[in-house]
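Now for the letters of each chain:
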Amino acid sequence: MALTLSDLTLRFLRLSSLAAFVVIGTVIQSGCAPQGSSPKNRETSPTNGEAHQQAQPRSLDLQGHRGMRAHWPENSLLGMEEAVASGVTTLEMDVVIGSDGQPLLSHEPWLNADICRTPDGQPIAEHDRSWNLYTMRPEDLARCDCGLQGHPRFPQQRKVPTTKPTLATLLTTLSHQAEVDSACQSVRFNIELKHRPEGDGVYHPDAVTFTQAVVDVLDEFGVTARTTLQSFSPEVLEAIHAMRPVVTGKHVHNAVGNKEADHIGNRKPFPPEKARPL
């Protein structure tokens, strides 16, 4: 479904109260690219009359932050599906690495006490980081609910059974939906790799192994070209550039007093303007 600027403006006004949405002020083309279009075709200089006919509607990139967590559990399959149904153009999410080496949708590399329960359904003590997703067996993690408890910061969030899906499971789900939905496969992905050098071997593998695991899944589903990868870790950005120079990589950092931002600004091929404040 192609959306005009007016369509998205009205849609944004209806959704502006939802804390789950982040609007990025990057001007993009909305809707599906016409069949047979290519960079070469777009670079061809049309006549004045053709230019008017070929003008494309423009819109903001409407991103669903962690899916749609104001109303659905964060980084969940249901939250991502609802975000797409609501008209977002980009799904923003976080990934960690599980004990089987598969990327998992999760903001933390451990079970967050605010939203998750143990495999036995018991609450988790505040600041308890012992439920490490990098060491938990997949079958145990599959028993940990992260949706029925709700979220203390989002009282309107629906309480529904939720477990942490793999990135491959999400992409499989969206692929199956596209087969029966008239909407085209145009949704983009903004994925933050939750890597910190001090966490290597504890909460995740090294940056190269972490990044390769994510890129492998994106390649498998053919969505690499529609994906932006971001991280607080300069090592991840360097790994992205080495593996896929054409993939957009963004460094996320705190705006004030962050040594990582200075660090990455002095490392090629990432000049300071490539570092984006959080």
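Residues numbered from 1 in each chain as written. Predicted model: local features only at pLDDT ≥ 70, side-chain atom pairs only at ≥ 80, totals over all residues. Heavy atoms only, no water.

A. Up close: the state of the cysteines. Evaluated as defined, the whole model comprises 1 disulfide. Between Cys116 and Cys146 runs a disulfide, and the two sulfur atoms are separated by 2.1 Å. One quick way to see it: the torsion about the S-S bond of Cys116 and Cys146 is about 110°, and its sign makes the bridge right-handed. Taken as a pair, Cys116 in the loop between strand E4 (103-105) and helix H5 (138-141) and Cys146 in the loop between H5 and helix H6 (167-180) lie far apart in primary sequence, 30 residues in all. Among the residues examined, Cys116 registers a relative accessible area of 0% and is labelled buried. (Disulfide = S-S within 2.5 Å. Helix = DSSP H or I, 4+ residues; strand = E, 2+ residues; numbered from the N terminus. Buried < 20%, exposed > 50% of the residue type's maximum accessible area, 1.4 Å probe, protein only.)

B. Representation of the layout of surface pockets. Of the pockets and cavities examined, the second largest pocket occupies roughly 270 Å³. In terms of lining residues, the second largest pocket is bounded by 16 residues, among which Pro109, Trp110, Lys194, His195 and Arg196 are the most central. Taken together, the residues of the lining of the second largest pocket break down into 5 nonpolar, 5 polar and 6 charged. (1 Å grid on protein atoms, 1.4 Å probe; cavity = no way out; pocket = protein on both sides within 12 Å on 5 of 7 lines; lining within 4 Å. Points joined across faces, edges and corners; volume = space filled by probe spheres on them. Nonpolar A, V, L, I, M, F, W, Y, C, P; charged D, E, K, R; others polar.)

C. Spotlight on unusual backbone geometry. Although it is not a glycine, Arg66 sits at a positive phi angle of roughly 55°. On the secondary structure map, Arg66 appears in the loop between strand E2 (58-65) and helix H4 (77-85). Classification of Arg66 by relative accessible area gives buried; the value is 10%. Even without being glycine, Asn75 reaches a positive phi, approximately 50°. Topologically, Asn75 is positioned in the loop between E2 and H4.

D. Here's a closer look at the packing of aromatic side chains. Taken as a whole, this structure holds 1 aromatic pair when the rule is applied. The ring of Phe232 has Arg196 sitting right over it, with the charged end atom 4.7 Å from the ring centre. (Phe/Tyr/Trp six-rings, centres within 6.5 Å; stacked < 30°, edge-to-face > 60°. Lys NZ or Arg CZ within 6 Å of the ring centre and 35° of its normal.)

E. Spotlight on the packing of helix H7 (residues 207-221) against helix H8 (residues 234-243). Contact geometry of H7 with H8 gives a least axis separation of 9 Å together with a crossing angle of 50°. Our classification of the angle between H7 and H8 gives oblique. Between H7 and H8 lies a crossing whose hand is right-handed. Contact residues: H7 offers Ala207, Val208, Thr211, Gln212 and Val215, while H8 offers Glu235, Val236, Ala239, Ile240 and Met243. Of the residues that constitute the contact of H7 with H8, the class distribution is 7 nonpolar, 2 polar and 1 charged. (Axes fitted to C-alpha atoms, helices over the stretch in contact; angles between N-to-C directions. Parallel < 35°, antiparallel > 145°, perpendicular 65-115°, else oblique. Left-handed = near helix turned anticlockwise from the far one by under 90°. Contact = heavy atoms within 4.5 Å.)

F. Structural detail: the nonpolar core. Counting 34 residues, the largest nonpolar core has Leu91, Met93, Leu167, Phe189, Ile191 and Leu229 as the members making the most contacts within it. Secondary structure elements with two or more residues in this core: H4, strand E3 (90-97), H6, strand E5 (188-193), H7 and H8. With 7 residues, the top contributor of residues to this core is H7. Excluding anything up to four places from it in sequence, Met93 contacts Asn75, Met80, Leu105, Leu167, Leu170, Phe189, Asn190, Ile191 and Glu192. Core analysis: the second largest hydrophobic core is formed by 12 residues, Val96, Ala113, Leu133 and Met136 among them. (Core = buried A, V, L, I, M, F, W, Y, C linked by side-chain atoms within 4.5 Å.)

G. Representation of the pattern of salt bridges within the structure. Within the structure shown, the criterion is met by 9 salt bridges. Among the salt bridges present, the one from Arg137 reaches Asp140, with a minimum N-O distance of 2.9 Å. When the shortest N-O distance is used, the salt bridge between Arg143 and Asp140 registers 3.7 Å. Through salt bridges with shared partners, a single ionic network connects Asp120, Arg137, Glu139, Asp140 and Arg143. (Salt bridge = Lys/Arg side-chain N within 4 Å of Asp/Glu carboxyl O.)

H. Geometry of H7. When the terminal C-alpha atoms of H7 are compared, their 22 Å separation across 15 residues agrees well with the 21 Å that a helix rising 1.5 Å per residue should span. Taking the backbone nitrogen of Val208 as reference, a side-chain oxygen 3.1 Å away marks Asp206 as the first, capping residue of H7. Downstream of H7 by one or two residues, Gly222 has phi in the positive range, about 70°. (Expected span 1.5 Å × (residues − 1). Polar contact = N/O pair within 3.5 Å; in protein donor to acceptor, adjacent residues only side chain to side chain.)

I. Here's a closer look at the confidence of the model for the chain. Residues of the chain with pLDDT of at least 70 account for 68%, and the chain-wide mean is 77. Model confidence for the chain, summarised as mean pLDDT per element, is weakest for helix H2 (residues 39-43) at 34 and strongest for E4 at 98. Between residues 1-55, whose pLDDT stays under 50, and residues either more than four places distant or in other chains, the model counts 76 contacts. Between residues 271-278, whose pLDDT stays under 50, and residues either more than four places distant or in other chains, the model counts 18 contacts. (pLDDT = per-residue confidence, 0-100.)

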